Amino acid sequence: MYSTLLSRAPSLEMVLPRYLKLSMFRSCVSSMVMHGLDKEITSRIQKASQALGRLWVKVLQHKDIRLSTKLKVYNVVVVSSLLYGCETWTLYRRHVKQLEQFHNRALRSIMQIHWQDRISNLTVLDRANSTSIEAKVLKAQLRWTGHVIRMDESRMPRQLFYGELEQGNRARGRPRKRYKDNLKLNLKWAKLQPRDLEHTAADRSKWRNLCSKAANNFQAKSQERHREASAPAPTGGAPCPICNHICALDFGLRSHMRAHRR
């Protein structure tokens with residue numbers, strides 16, 4: 001299936017009308033085509049912040065509107081603006097941190113949770129009945145992948161998805177992260193092998209359930225890692241009879257006792 005359709009695919013010069021060749025258009029082609037993903041993420045955060053500001057006084061801070069309604073409006077308007085076009089993103093860790101910071105800061109503002117309350121981001125997400133931005137992106141990318149696979153072979157998105165570059169030289173240094181690499185990581189959360197991708201994605205309802213399952217698995221694993229990192233250090237252990245130093249394990253105590261014999 002991996003053919004060289006990309007070389008025969010029409011170029012952007014043929015597809016896009018001339019009046020769309022602007023530096024800031026957002027409708028048909030994402031700005032990361034011209035400026036890179038860093039500026040696209042910054043632009044998305046700015047758009048979402050503007051949408052949040054418009055809703056702030058009349059909706060999000062209105063005392064007669066329930067919190068559940070405010071959170072629904074936030075997800076529909078602000079999160080949609082934040083993740084517009086995320087199906088085609090190849091995110092690095094720095095991008096995820098930027099998006100998560102905005103998401104957590106907005107939820108804390110809506111729920112009136114201050115940093116003095118010493119409430120973790122995981123607790124904030126649980127109270128808002130929401131998931132992390134990374135889980136939302138994972139689900140959206142898997143759903144879009146299934147949609148592209150079910151397209152007709154004459155469609156350009158499918159041709160680009162299966163296309164390969166015949167010419168070109170790679171720059172020195174670490175290779176850039178590809179969309180294919182990101183997709184393989186997402187499939188692991190769905191417990192699906194890449195060779196079974198096309199067969200599974202052909203069934204729309206089954207694929208949608210699998211996307212939700214992958215996002216839930218990712219969110220559950222993230223919560224588990226966060227709880228393990230925030231768990232208090234064990235207070236018990238084996239005390240040293242000489243200096244009363246507390247060792248976590250008996251093996252550590254034996255190593256510590258050898259230091260006294262020297």
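None of these values were measured; they are calculated from a predicted model. (Residues numbered from 1 in each chain as written. Predicted model: local features only at pLDDT ≥ 70, side-chain atom pairs only at ≥ 80, totals over all residues. Heavy atoms only, no water.)

1. Some thoughts on the state of the cysteines
Logical step 1: Evaluation of the coordinates by the stated rule reveals zero disulfides.
Logical step 2: Free cysteine Cys240: the closest other cysteine sulfur is in Cys243, separated by 3.7 Å.
Logical step 3: For Cys240, a relative accessible area of 1% gives the class buried. (Disulfide = S-S within 2.5 Å. Buried < 20%, exposed > 50% of the residue type's maximum accessible area, 1.4 Å probe, protein only.)

2. Describing a positive patch on the surface
Logical step 1: A cluster of basic side chains, namely Lys139, Arg143, Arg204 and Arg208, defines a positive patch on the protein surface.
Logical step 2: Contributing elements (two or more residues each) for the positive patch: α8 (133–149) and α12 (204–230). (Patch = residues over 30% accessible without salt bridge, like charges linked within 9 Å, V, L, I, M, F, W, Y side chains within 5 Å. Areas by Shrake-Rupley, 256 points an atom, 1.4 Å probe, with all protein chains shown as cover. Salt bridge = Lys/Arg side-chain N within 4 Å of Asp/Glu carboxyl O. Lys, Arg positive; Asp, Glu negative; His and termini not counted. Charge placed at Lys NZ, Arg CZ, Asp CG, Glu CD. Helix = DSSP H or I, 4+ residues; strand = E, 2+ residues; numbered from the N terminus.)

3. Focus: the side chain of His95
Logical step 1: Here His95 lies in helix α6 (residues 93–111).
Logical step 2: Sequence-distant contacts of His95, defined by excluding residues within four places in its chain, comprise Leu37, Asp38, Ile41 and Thr90. (Contact = heavy atoms within 4.5 Å.)

4. As for the packing of aromatic side chains
Logical step 1: If you walk through the whole model with that rule in mind, you get two aromatic pairs.
Logical step 2: Aromatic side chains Phe161 and Tyr162 sit 5.2 Å apart centroid to centroid with 90° between the ring planes, which places their arrangement in the edge-to-face category.
Logical step 3: When its relative accessible area of 3% is taken as the criterion, Tyr162 is described as buried.
Logical step 4: Taking the centre distance of 5.1 Å and the plane angle of 90° together, the rings of Trp189 and Phe218 count as edge-to-face. On the criterion of sequence distance, the pair formed by Trp189 in helix α10 (residues 179–189) and Phe218 in helix α12 is long-range, its members being 29 residues apart.
Logical step 5: Relative accessible area serves as the criterion here: at 26%, Trp189 is assigned to the partly exposed category.
Logical step 6: Taking the relative accessible area as the measure of exposure, Phe218 reaches 6% and is therefore buried. (Phe/Tyr/Trp six-rings, centres within 6.5 Å; stacked < 30°, edge-to-face > 60°.)

5. What about helix α4 (residues 37–60)?
Logical step 1: The end-to-end C-alpha distance of α4 is 30 Å, clearly below the 34 Å that 24 residues give at a rise of 1.5 Å each.
Logical step 2: A bend of about 30° at Arg54 is the largest found in α4. (Expected span 1.5 Å × (residues − 1). Bend = angle between axes of the 7 residues up to and from the residue.)

6. Overview of the packing of α8 against α10
Logical step 1: At a minimum axis separation of 10 Å, α8 and α10 run at an interaxial angle of 105°. Put simply, α8 runs roughly perpendicular to α10. The residues of α10 that touch α8, namely those facing Leu138, Gln141, Leu142, Trp144 and Thr145, are Tyr179, Asn182, Leu183, Asn186, Leu187 and Trp189.
Logical step 2: The class makeup of the residues in the contact of α8 with α10 is seven nonpolar, four polar and no charged. (Axes fitted to C-alpha atoms, helices over the stretch in contact; angles between N-to-C directions. Parallel < 35°, antiparallel > 145°, perpendicular 65-115°, else oblique. Nonpolar A, V, L, I, M, F, W, Y, C, P; charged D, E, K, R; others polar.)

7. Remarks on the confidence of the model for the protein
Logical step 1: The predicted model of the protein averages 82 in pLDDT, with 84% of residues at 70 or higher.
Logical step 2: Mean pLDDT across the elements of the protein bottoms out in helix α1 (residues 5–8) (42) and peaks in α6 (95). (pLDDT = per-residue confidence, 0-100.)

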